[in-house]
Amino acid sequence: GDLANFAVRKCAHFLEYMILALLVLNVLKLYFNMKQVMILTIAFVFIYACSDEIHQLFVPGREGAIRDVIIDTCGGITLVLIKLGVTHLKSSAI
C-alpha cells in the first residue's frame, strides 16, 4: 500500500516535470538555438523543482526533499533527451 502510493506519486512528479520541460522547450526554441534551449530548459526545471521543495518547507504537513528535486529534474532531462533523439532521427532520415 504505502510503497505503491509512493511509487505512483513519484512517477506523477516525473511526468509533470516532463510536461513542464516540454512547454518550456517549445517556448525557448522560438528564441534560442537548440543547444541553448536544452541547457535553459534543464536549468529552468531544476530551479522550479528547487523552489517547489523550498515552498513545501513552509507548508504544515509537507516536507521538502532533495530526492524530489532529483526526480523532478530527471523528468525534465528525460524529455530533453527524447527531443534530442527525435531531432537527430529526423535530421538523419532526410
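Residues numbered from 1 in each chain as written. Predicted model: local features only at pLDDT ≥ 70, side-chain atom pairs only at ≥ 80, totals over all residues. Heavy atoms only, no water.

Student: Can you lay out helix α1 (residues 2-28) for me, pointing to particular residues and giving the numbers?
Tutor: The terminal C-alpha atoms of α1 lie 39 Å apart, and with 27 residues this matches the ideal 39 Å at 1.5 Å per residue to within 8%. Lys10, His13, Tyr17, Met18, Ala21, Val24, Leu25 and Leu28 are the residues of α1 that are buried. Each element contacted by the buried residues of α1 is listed here: α2 (34-56) and α3 (66-93). (Helix = DSSP H or I, 4+ residues; strand = E, 2+ residues; numbered from the N terminus. Expected span 1.5 Å × (residues − 1). Buried < 20%, exposed > 50% of the residue type's maximum accessible area, 1.4 Å probe, protein only. Contact = heavy atoms within 4.5 Å.)

Student: Describe the packing of α1 against α2, listing the residues and the values that go with them.
Tutor: Look at α1 against α2: their axes get within 9 Å of each other, and the N-to-C directions meet at 135°. Looking at the two axes, α1 sits oblique to α2. For the pair α1 and α2, the sense of crossing is right-handed. Across the interface between the two elements, His13, Tyr17, Leu20, Ala21, Val24, Leu25 and Leu28 of α1 pack against Met34, Val37, Leu40, Thr41, Phe44, Val45, Tyr48, Ala49 and Asp52 of α2. A class-by-class count of the residues in the contact of α1 with α2 yields 13 nonpolar, 2 polar and 1 charged. (Axes fitted to C-alpha atoms, helices over the stretch in contact; angles between N-to-C directions. Parallel < 35°, antiparallel > 145°, perpendicular 65-115°, else oblique. Left-handed = near helix turned anticlockwise from the far one by under 90°. Nonpolar A, V, L, I, M, F, W, Y, C, P; charged D, E, K, R; others polar.)

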